[in-house]
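Inside the fold
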Protein chains: 2
Amino acid sequence: MTLQEGKDKFIQSWGALGSSWGINRTMAQIHALLLISPQALSAEDIMEELKISRGNANMNIRALIDWGLVYKELKAGERKEFFVAEKDMWEVVKNIIIQRKKKELEPMLKVLDEISSIDEAGPKSEEFVQIIREIKLFSSKADSTLDSLIKADSNWFVGTFMKMIK
Amino acid sequence: MTLQEGKDKFIQSWGALGSSWGINRTMAQIHALLLISPQALSAEDIMEELKISRGNANMNIRALIDWGLVYKELKAGERKEFFVAEKDMWEVVKNIIIQRKKKELEPMLKVLDEISSIDEAGPKSEEFVQIIREIKLFSSKADSTLDSLIKADSNWFVGTFMKMIK
DNA sequence: GTGAAGTTTCAAAAAGTACTGAACCAACAA
DNA sequence: TTGTTGGTTCAGTACTTTTTGAAACTTCAC
């Protein structure tokens, strides 16, 4: 395999992985490209490498910045913006967890709360509310677990965790 | 809120959550419906409640069974098949992790392996291979962490984990 | 001011994904 | 054997998401 083939393969695979992670294909490909790029790239570089339109590049770069997966880098004397990827994988995963927790878990907790306030009487209602309460309990625990996970640092993850749970 | 409104809301929200979890909307809705249903339901019950076609119901029930989120239940004397949901949330999450690990993480590890075997010489190649190796290291660790997590049991999760990592 | 270089926005088109419905298959009862 | 009930499959359609490309905007130099 040549260097170019390897790079392409990585970008393709990372793109595929991303799409099952709430990150769309192009967003993940841009991230992959920046990950393996030693220097910062401009929007134009990215458009060329991935053969995507200006609008597409712009929107996805912006989204990546929002997610904390990519940083803007301004070069002295250059008006153009350059971009670099967050290269610490633990940071990447952590940021994804933060975003998805906010977008998915938290709204679900809210809904479960609302639902458990059913005022209708009767055994059917009680049974239902009971099931919902169990789900809520589990979700709240997942929520705090993720909070702790987010606070923990990279070293802790790569080092201690595995041994701890063995 | 009435019981029916509560049920509908839960089914809708669970459906929305599912679609960001590699489980499509209908699949998640069927799962939600079965979760809050005290008795097993037939394909026909499901079709009616969710207003979906026979084909759709069949395909998604099948997928849920594949994922280990729903079980078939045969009633004596009935030719019809009935279905019940896995109600232990930890089992649900665990099964989703197992499926996604298999479908996403493992192929990525394989690709990273292939890529690190680039035979081209030169500093650019070495630099690239180095980055790929780091990603691979992280991914392997994630992989074993998930393996341990899968082996752990529900009690461990809801009880010990939170305290441990505090 | 004007124009050049760059960025942002968004309506329309394309691509991707899920759903329907009808045809088909299987098991059983009459 | 035929009719009935239920399960499965899949081509075509409907729906959703992503991408394009062009116009609008911003910033700065002259």
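Along every chain, residues carry numbers that run from 1 in the direction the sequence is written. Written order decides the labels, with chains lettered from A and ligands numbered from 1. Selection of residues for local features in this predicted model requires a pLDDT of at least 70, selection of side-chain atom pairs for listing and counting requires 80 or more, and totals for whole chains, interfaces and linings are taken over all residues. As a rule here, side-chain values come from all non-hydrogen atoms in the structure, and water together with hydrogens is ignored.

All names here are of chain A. Annotation of chain A at the domain level lists domain 1 (3-85) and domain 2 (89-161). The split into domains, and so the bounds of each, comes from an automatic or database assignment of domains. Placing the centre of domain 1 and that of domain 2 at their C-alpha centroids yields a distance of 31 Å. Note on contacts: a residue pair qualifies if any of its non-hydrogen atoms lie within 4.5 Å across the two residues. Each partner contributes residues to the interface: domain 1 has 10 residues there, and domain 2 has 7 residues. Here's the idea: put two parts together, see how much 1.4 Å probe accessible area each one loses, and the total over both is what we call buried area. Both faces combined, the contact of domain 1 with domain 2 buries some 760 Å², and carbon together with sulfur accounts for 71% of it. Any carboxyl oxygen of Asp or Glu that lies within 4 Å of a side-chain nitrogen of Lys or Arg is treated as forming a salt bridge with it. The interface formed by domain 1 and domain 2 holds 0 salt bridges in total. N or O atoms within 3.5 Å of each other form a polar contact, as long as, within protein, one can give a hydrogen and the other can take it, and as long as residues adjacent in sequence are counted only when both atoms are side-chain atoms. Put simply, domain 1 and domain 2 have 2 residue pairs in polar contact (both at pLDDT 80 or more) between them. A per-class count over the side of domain 1 that touches domain 2 returns 6 nonpolar, 3 polar and 1 charged. Any residue outside Ala, Val, Leu, Ile, Met, Phe, Trp, Tyr, Cys, Pro, Asp, Glu, Lys and Arg is labelled polar, Gly included; the first ten of those are nonpolar and the last four are charged.

It is worth spelling out the protein's contact with DNA strand D at this point. Put simply, a residue is near a molecule or strand once any heavy atom of it comes within 4 Å of that molecule or strand. If you check the shell around DNA strand D, you find 17 residues, and the closest are T26 and S53 of chain A together with N58, R62 and R79 of chain B. Close to the protein, within 4 Å, the atoms of DNA strand D are drawn from sugar and phosphate at a rate of 63%. Between DNA strand D and the protein, one listed contact pairs a phosphate oxygen with a side-chain N or O atom of R62 of chain B at 2.3 Å. A distance of 2.9 Å separates a base oxygen of DNA strand D from a polar atom in the side chain of R79 of chain B. Helix numbers and strand numbers start at the N terminus; a helix is a DSSP run of H or I with at least 4 residues, a strand a run of E with at least 2. Where the surface near DNA strand D is concerned, the elements lending two or more residues are α4 (54-66) of chain A together with α4 (54-66) of chain B. With 5 residues, the top contributor of residues to the surface near DNA strand D is α4 of chain B.

The environment of DNA strand C is made up of 17 residues, and the closest members are N58 and R62 of chain A together with T26, S53 and N56 of chain B. The contact atoms of DNA strand C, taken as those within 4 Å of the protein, divide so that sugar and phosphate hold 61%. Here a base nitrogen of DNA strand C and a side-chain polar atom of R79 of chain A are 3.4 Å apart. Mapped by element, the contributors of at least two residues to the surface near DNA strand C are α4 of chain A together with α4 of chain B. It is α4 of chain A that contributes the most residues to the surface near DNA strand C, 5 residues altogether. Residue composition of the surface near DNA strand C, grouped by class: 2 nonpolar, 8 polar and 7 charged.

Time to look at the packing of helix α1 (residues 3-19) of chain A against helix α5 (residues 89-115) of chain B. Across the interface, α1 of chain A lies against α5 of chain B with an axial gap of 10 Å and an inter-helix angle of 170°. Taken together, α1 of chain A and α5 of chain B sit at an angle that is classed as roughly antiparallel. The residues of α5 of chain B that touch α1 of chain A, namely those facing G6, K9, F10, S13, W14 and L17 of chain A, are E104, M108, V111, L112, E114 and I115 of chain B. Residue composition of the contact of α1 of chain A with α5 of chain B, by class: 7 nonpolar, 2 polar and 3 charged. Axis geometry follows a simple rule: fit a line to the C-alpha atoms, using only the stretch in contact for helices, then measure angles between N-to-C directions, giving values from 0 to 180 degrees. Small angles under 35 degrees read as roughly parallel and large ones over 145 as roughly antiparallel, with 65 to 115 read as roughly perpendicular and the rest as oblique.

Tracing the backbone through its elements, the reader meets S140 of chain A in helix α6 (residues 123-151). A C-alpha to C-alpha distance of 31 Å links S140 of chain A and G15 of chain A, two positions 125 residues apart in sequence.

Quick look at the interface of chain A and chain B now. Chain A puts 49 residues into the contact, and the matching count from chain B is 49 residues. Both sides together, the interface formed by chain A and chain B hides about 4,700 Å², and carbon and sulfur atoms give 76% of it. Scanning the region where chain A abuts chain B turns up 2 salt bridges. The partner of K9 of chain B in a salt bridge is E114 of chain A, with the nearest N and O atoms 2.4 Å apart. Taken together, the links from chain A to chain B amount to 9 residue pairs in polar contact (both at pLDDT 80 or more).

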